[in-house]
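Working through the structure, step by step
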Amino acid sequence: MLANITSSPAKDRAEARPESTRGGVFFTPRVDIVETDGELTLFAEVPGVKPDDVDLRYEKGELLLHARVQPRGERSVVLLQEYDEGDFFRAFTIHESIDSGRITAECKNGMLTVHLPKVEAVRPRQIAVRGE
Amino acid sequence: MTASRWQTFSPVWNQLHQFQDEMNRLFDRWGNGNPLAGAARFPALNVWEEGEEVWVEAELPGLNLKDLEIYVSGGNQLTVKGERKPNLPDNGVWHRQERAFGAFARTLSLPFPVDADKVDARLENGVLRIRLNKHESARPRKIAVKAE
């Protein structure tokens, strides 16, 4: 159903937002999560975020994503303002079948990709059937 | 196949209730459940003026500059066109799909004519920034006042 939607409205403000020492607003990044045989892959939209400004941590079965956006400076004469800028935050509860020690992530073009490999035990396995 | 996946969604990602909330919010935002009501609004734009320059900014995560078409027509019409592609790996099953994809185009009427030959666009970390120069005719002119 969502697949046919070609538009994306302005960003959502986080509902359950953590306190920020810098003040300001947190946004909830939009994510796609895809499962393949070997892993779950999470794609998060974090426009304006440099790879160094992503803080990704896994604790107690929760994946916490916090991405900082550099302040973009003063704008004297604003003609149109359709979206706000601010840091991104989102938390995910992860099932224990994820091998947390092998989680990897990369950030490029404002897209954060997180690879969550499944533990060996839950990967589908092809079982060879011998005749005779 | 995919449909049955949704049924077993919550044990892996305990966020089914959140998904429902989000669906509700999606439709609230677009007004009366009509998805087309917001279709013309992508990408969202911020526009500001700095002396002789006009800056237009949009968030386009995951896109490359070569995927975009940016041009000025009719003196003050700026158009941004492109396409967002879905990133489904081979044999993948969706657990969650919040990112939209497909072709988009947006035309903005600027409040003054701009120089169509001096358009500079940069895409950095998924943020598109376009710098335009006000056309000669739109610039303030100093008028010499002669005394006698």
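You'll find the structure just up there.
Quick look at the structure, then. (Residues numbered from 1 in each chain as written. Chains lettered and ligands numbered in written order. Predicted model: local features only at pLDDT ≥ 70, side-chain atom pairs only at ≥ 80, totals over all residues. Heavy atoms only, no water.)

Overview of the packing of aromatic side chains
By the definition in use, this model includes four aromatic pairs over all chains. Relative to Phe 89 of chain A, the ring of Phe 26 of chain A has its centre 6.1 Å away and its plane inclined at 70°; by these criteria the two rings are edge-to-face. Of this pair, Phe 26 of chain A sits in strand 2 (residues 26–28) while Phe 89 of chain A sits in strand 8 (residues 87–93), placing them 63 residues apart in sequence. Given the relative accessible area of 4%, Phe 26 of chain A is considered buried. Ring geometry for Phe 42 of chain B versus Phe 104 of chain B: centroids 5.0 Å apart, planes at 80°, classification edge-to-face. Remark: Phe 104 of chain B occurs in strand 6 (residues 102–109) and Phe 42 of chain B occurs in the loop between helix 3 (16–30) and strand 1 (45–50); sequence separation between them is 62 residues. Residue Phe 42 of chain B is classed as buried on the basis of its relative accessible area, which comes to 6%. Phe 104 of chain B gets classed as buried once you look at its relative accessible area, which sits at 7%. Sitting over the face of the ring of Phe 42 of chain B, Arg 84 of chain B holds its NZ or CZ atom 3.6 Å from the ring centroid. Just above the ring of Phe 112 of chain B sits the side chain of Lys 134 of chain B; from NZ or CZ to the centre is 4.7 Å. (Phe/Tyr/Trp six-rings, centres within 6.5 Å; stacked < 30°, edge-to-face > 60°. Helix = DSSP H or I, 4+ residues; strand = E, 2+ residues; numbered from the N terminus. Buried < 20%, exposed > 50% of the residue type's maximum accessible area, 1.4 Å probe, protein only. Lys NZ or Arg CZ within 6 Å of the ring centre and 35° of its normal.)

Regarding the pattern of salt bridges
Under the counting rule described, the total for this entry stands at 15 salt bridges over all chains. The shortest N-O distance in the salt bridge between Glu 98 of chain B and Arg 90 of chain A comes to 2.8 Å. On the criterion of chain membership, the pair formed by Glu 98 of chain B in the loop between strand 5 (93–97) and strand 6 and Arg 90 of chain A in strand 8 is interchain, its members lying in two chains. Take Glu 98 of chain B and Arg 90 of chain A: they sit in the same class, and that class is buried. A salt bridge links Glu 57 of chain B to Arg 129 of chain B; its shortest N-O distance comes to 2.6 Å. Of the two residues, Glu 57 of chain B is situated in strand 2 (residues 53–59) and Arg 129 of chain B in strand 8 (residues 127–134); the sequence distance between them amounts to 72 residues. Since its relative accessible area comes to 0%, Glu 57 of chain B is described here as buried. Each of Arg 75 and Glu 85 of chain A together with Glu 57 and Arg 129 of chain B takes part in a single network of salt bridges with overlapping partners. (Salt bridge = Lys/Arg side-chain N within 4 Å of Asp/Glu carboxyl O.)

Regarding the sheet that holds strand 6 of chain B
All names here are of chain B. Spatially, 3-4-6 is the arrangement adopted by the three strands of the open sheet, whose pairing is antiparallel. This sheet does not close on itself; its edge strands, each paired only once, are strand 3 (68–73) and strand 6. Across this sheet, the average inter-strand angle for adjacent strands is 10°, counted without regard to direction. Direction of pairing for strand 4 (residues 77–84) relative to strand 6: antiparallel, over a ladder of eight bridges. When the sheet's bridge partners are listed, Thr 79 is paired in strand 6 with Thr 107. (Pairing = 2+ DSSP bridges. Axes fitted to C-alpha atoms, helices over the stretch in contact; angles between N-to-C directions.)

So, the side chain of His 115 of chain A
Residue and element names in this part refer to chain A. Tracing the chain through its elements places His 115 in strand 10 (residues 111–117). At 2.7 Å, the side chain of His 115 forms a polar contact with the side chain of Glu 39. With residues up to four places along the chain from it excluded, the contact list for His 115 reads Glu 39, Leu 40, Thr 41, Arg 102, Ile 103, Thr 104 and Glu 106. (Polar contact = N/O pair within 3.5 Å; in protein donor to acceptor, adjacent residues only side chain to side chain. Contact = heavy atoms within 4.5 Å.)

Digging into the side chain of Glu 35 of chain A
Within the secondary structure layout, Glu 35 of chain A lies in strand 3 (residues 31–35). With a relative accessible area of 12%, Glu 35 of chain A lands in the buried category. Among the polar contacts made by the side chain of Glu 35 of chain A, one reaches the side chain of Lys 118 of chain A at a distance of 2.7 Å. Among the polar contacts made by the side chain of Glu 35 of chain A, one reaches the side chain of His 95 of chain B at a distance of 2.4 Å.

Considerations on the environment of Leu 40 of chain A
Tracing the chain through its elements places Leu 40 of chain A in strand 4 (residues 39–45). On a C-alpha basis, the gap between Leu 40 of chain A and Val 114 of chain A in space is 8.3 Å, while along the polypeptide they are 74 residues apart.

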